[in-house]
Structures are given as structure tokens and as C-alpha cells.
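Commentary on secondary and tertiary structure
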Amino acid sequence: YVICITNYYVMLKKFFWMCSGADTDILQTTSKAEQIKFAGIGGTVFFTAIMAFIASSYALFTVFDNYYSAIFFGLVWGLLIFNLDRFIVSTIKKQDNKWREIWQATPRIILAIIIAIVISKPLEMKLFEKEINQVLLTQKNDLTLANKNEIANQFTPEIIKLQTEIKLLKQDVVLKETETNGLYETYIAEAEGRKGTKLLGKGPVYKEKREKHDAALSELIQLKAATKIKITDKETQLEALNSQQQKQVITTQPIIDSFDGLMARVNALNKLPWLPSFFIFLLFLAIETSPIFSKLIAPKGEYDIKLQENENSVKSWVAQKENQRNQLLITDNTLNEAIYNDLAKEEELYNYKKQKAREILQMQADDFHKSQKRIIG
């Protein structure tokens, strides 16, 4: 049991060494304190990548609404952050000048801040999910009311026009009824002798007024029939417009209901008090930059000295090889110059080259002569 725990501990320690970007062969030869320091740095890098995986998976789930896609792309993002953090930590090397170390770490600190912001935002959205949902609910209600008003503005002019026309048609019927009732009252009063000639009985004046009433009554009946048809048609149009308006409201409502994507949640998060989000950001910023600052603050350790020694030995070897190549080139140039100087003094080589030059000139002269003969014809 103890052996298994020891083996697991060694494996975990070596894994965290790998995460820290350190040279494990050199670390094997250092003290336990140095090994523990780099295991801690590697653990910070590893768990930062885990947090990045969780944060990006949640953020991508709000985009794709699919667990498998969110986990896959979240894993890719987590590995990317792991590689970046490992690169940042591994490229910071201890030097004798602190200001040079700070200057060397500055771009890496800026990159770490950007990574901390990217990681912290999705987790903030998850931590404040209930508050964000409340903000989104309020926004959805406002959008629903605004959508209904906007759709109503599209249909209201036509609806008001139809309602006005129906009202005018009914008013025409009422006016005609009032006129007919007035004529009825007139001929009845004539018959009773209360108005007009004030003669009791149904005389010629009564008959004349009765005919006017009957004609008006006939017109009223015709007007009611025609108005009923017109009103029915306009009410049908009005009902169709109301139905179309309601259908458009129902059609557009799912768009408003789905207003809870990544950008909407980020905007909703920004509407919440900034202090809790700021502290969460500071937490991730501390986690992300802690390996960098730990390397900056820590004194030059055994690992750094051995790494520098290895690098210096490689530099010395490269410089030595380069110097040897330069010396070899200089020697070769000197030998070539001496050899060619000696060859230039040999009469046999001179005569041979003279003969070959004469042959070339003769061949050129022959070719020129042949070409001129072809031209002349």
C-alpha cells in the first residue's frame, strides 16, 4: 500500500514537472525543495487549464446548446490555455539583473492577464446565473412589450380605419332611423290633431305625411340590409387583421424567448454590481500570474544554475565550432591562393590554355563566316 502511494506520488510529481515546462533530467539532480517548487508551479498551470476547460465548456454550451460540442471545444480551449501557460512559465529564466527579469516577464504578464479575463468571465456567468436570469427575464418582458407595440403600430392604422368606417355606417343607420321615427311622429300627430292642421282624422295631409314616412321606412330597411353586408365585410377584414397581428406576435415570441445567448448573458452580467465580478477576476488573475511572480520573486536556485550551465556549455560549443569553421575557411583560402599562384608560373599550363583559346577563336570565326554566307546568299 505504501509502495503504491509512493509510486503515485512520484508519477504525479513528474507530471507536474512536465506541466511546469522544466527540464526533468536536470530536476532529478536537484534538491527536494527545488523539486517541490517546480511541482507547485506545474500544479498551478494544470489546475488553471482545468478551470479554463470548465469555463469554456459552459460558455460554449450557451452557444451550441449541446453537451458534446461544448465538451469537445472546451477541451481544445483548455489544452490551448495549458500550452500557453506552460510556455509562459518555461520561458522565464532567472538572470543576474532583476530589472531585466521584470522586462522579460512583462509581455508574459500581459498575456496572463488576458487569459485570466477570458477564463473568469464564463465562470462569473455560471456563479451569478440566477441573477443573470432575472436580468434576462426583465429584458425579455421589455422586449415582448416593445415587440407587441411595434407590431400593433403596423396594423393599428388599418384597424382604426375599418373601425371608423363601421362606426360611420352605423351612424348613417341611426340617422335614418331618427329621420323615419320623426316622420312617424309627424303623421301620427296629424291624425290625432296635435300638430300640423290640428284636424282630427286621416285627411289629405295625413296621407301625404304617411307616404313620406313609408318611403323613408322603405329606404331605412334597404339601408340596414346594405349596411349589414358592408359591416359584416369590414368586420371580417378587421378580424383577419387582428388574427394576423396575433399570429405575428406568436411567431416572433420564440426569438425573444431564446434571447439568452452568450452575448446577452455577458451584457446582463455587466448590469450587475461590479465588485463581486471584480474579486473573482482578481482571484483568477492571482492564479494565472502566480507561477510568473513566484519565479520572479524566488532567488536563483539550483535548477536555474544548472540550466544556465547547460546553456552556457552549448553556447561555448557552438562558438567553438563556429571559430573552427572560420579558421578552416581562412586556411583553405590561403592554400588556394598559394596553389593558383604556383600554377600561374608553369609554362606548360600556359601553352595548353593558349592552344585551347586559339581553337575557340577559330571556331567562332568559322561560324561567323558561315552565317554571313547564308545572309548574302
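Before going into details, it helps to say that this report is about the structure given with it. (Residues numbered from 1 in each chain as written. Predicted model: local features only at pLDDT ≥ 70, side-chain atom pairs only at ≥ 80, totals over all residues. Heavy atoms only, no water.)

Considerations on the overall build of the protein chain
When helices and strands are tallied, the protein chain shows 11 helices and 0 strands. Scanning the protein chain from its N terminus toward the C terminus, one meets helices and strands in the order α-α-α-α-α-α-α-α-α-α-α. Expected size for 377 residues packed as a compact globule is a radius of gyration near 21 Å; at 50 Å, the protein chain overshoots this value by more than 25%. With the C-alpha coordinates aligned to their principal axes, the bounding extent of the protein chain is approximately 170 × 105 × 45 Å. For the protein chain, the residues scored as buried account for 29% of the 377 residues in total. Taking the intrachain contacts of the protein chain between residues at least 6 apart in sequence as the baseline, contacts between residues at least 24 apart amount to 75%. Total accessible area on the protein chain stands at roughly 26,000 Å², and carbon and sulfur atoms take up 63% of it. Distance between charge centroids for the protein chain: 2 Å, based on 48 positive and 44 negative side chains. (Helix = DSSP H or I, 4+ residues; strand = E, 2+ residues; numbered from the N terminus. Rg over C-alpha atoms; globule rule 2.2 N^0.38 Å. Buried < 20%, exposed > 50% of the residue type's maximum accessible area, 1.4 Å probe, protein only. Contact = heavy atoms within 4.5 Å. Areas by Shrake-Rupley, 256 points an atom, 1.4 Å probe, with all protein chains shown as cover. Lys, Arg positive; Asp, Glu negative; His and termini not counted. Charge placed at Lys NZ, Arg CZ, Asp CG, Glu CD.)

Focus: the side chain of Lys-140
Mapped onto the secondary structure, Lys-140 falls in helix α6 (residues 129–192). For Lys-140, the contacting residues outside a window of four places in its chain are Ile-256, Asp-257, Phe-259 and Asp-260.

With respect to the packing of helix α4 (residues 67–90) against helix α5 (residues 98–127)
Look at α4 against α5: their axes get within 11 Å of each other, and the N-to-C directions meet at 155 degrees. With respect to their mutual orientation, α4 and α5 come out roughly antiparallel. Every pair of crossing elements has a handedness; the one defined by α4 and α5 is left-handed. When α4 is examined against α5, the residues Trp-77, Ile-81, Leu-84, Asp-85 and Ile-88 are found in contact with a partner set consisting of Arg-108, Leu-111, Ala-112, Ile-115, Val-118 and Ile-119. For the contact of α4 with α5, the residue count by class is 9 nonpolar, no polar and 2 charged. (Axes fitted to C-alpha atoms, helices over the stretch in contact; angles between N-to-C directions. Parallel < 35°, antiparallel > 145°, perpendicular 65-115°, else oblique. Left-handed = near helix turned anticlockwise from the far one by under 90°. Nonpolar A, V, L, I, M, F, W, Y, C, P; charged D, E, K, R; others polar.)

Some remarks on the side chain of Lys-13
Summarising the element assignment, Lys-13 is placed in helix α1 (residues 2–20). The contacts of Lys-13, once residues within four sequence positions are left out, are Gln-35 and Ala-39.

Re α4
For α4, built from 24 residues, the straight-helix expectation of 34 Å at 1.5 Å per residue is met to within 8% by its first-to-last C-alpha distance of 34 Å. For α4, the set of buried residues is Ala-70, Gly-74, Gly-78, Ile-81, Phe-82, Asp-85, Ile-88 and Val-89. Where α4 starts, the residue carrying a side-chain oxygen 3.0 Å from the main-chain nitrogen of Tyr-68 turns out to be Asn-66. (Expected span 1.5 Å × (residues − 1). Polar contact = N/O pair within 3.5 Å; in protein donor to acceptor, adjacent residues only side chain to side chain.)

What to know about a nonpolar patch on the surface
A cluster of nonpolar side chains, contributed by Leu-335, Ile-339, Tyr-340, Leu-343, Leu-349 and Tyr-352, occupies part of the molecular surface with about 620 Å² of accessible area. Among the secondary structure elements, those contributing two or more residues to the nonpolar patch are α10 (302–344) and α11 (347–376). Among the elements that take part in the nonpolar patch, α10 stands out by supplying 4 residues, more than any other. Within the secondary structure, Ile-339 sits in helix α10. Note on Ile-339: relative accessible area 46%, which makes it partly exposed. (Patch = residues over 30% accessible without salt bridge, like charges linked within 9 Å, V, L, I, M, F, W, Y side chains within 5 Å. Salt bridge = Lys/Arg side-chain N within 4 Å of Asp/Glu carboxyl O.)

Let's talk about the pattern of salt bridges
Summed over the entire model, instances satisfying the criterion amount to 6 salt bridges. Among the salt bridges present, the one from Glu-165 reaches Lys-234, with a minimum N-O distance of 2.6 Å. Taken together, the residues Glu-165 in helix α6 and Lys-234 in helix α7 (residues 204–257) connect sequence positions 69 residues apart. You can call Glu-165 partly exposed: its relative accessible area is 24%. With a relative accessible area of 18%, Lys-234 lands in the buried category.

Considering the packing of α5 against helix α8 (residues 262–270)
Viewed as axis vectors pointing N to C, α5 and α8 meet at an angle of 80 degrees, and their least axial separation amounts to 10 Å. Classed by the angle they form, the pair α5 and α8 counts as roughly perpendicular. In contact with Lys-121, Glu-124 and Met-125 of α5, α8 contributes Leu-262, Arg-265, Val-266, Leu-269 and Asn-270. Within the contact of α5 with α8, the residues separate by chemical class into 4 nonpolar, 1 polar and 3 charged.

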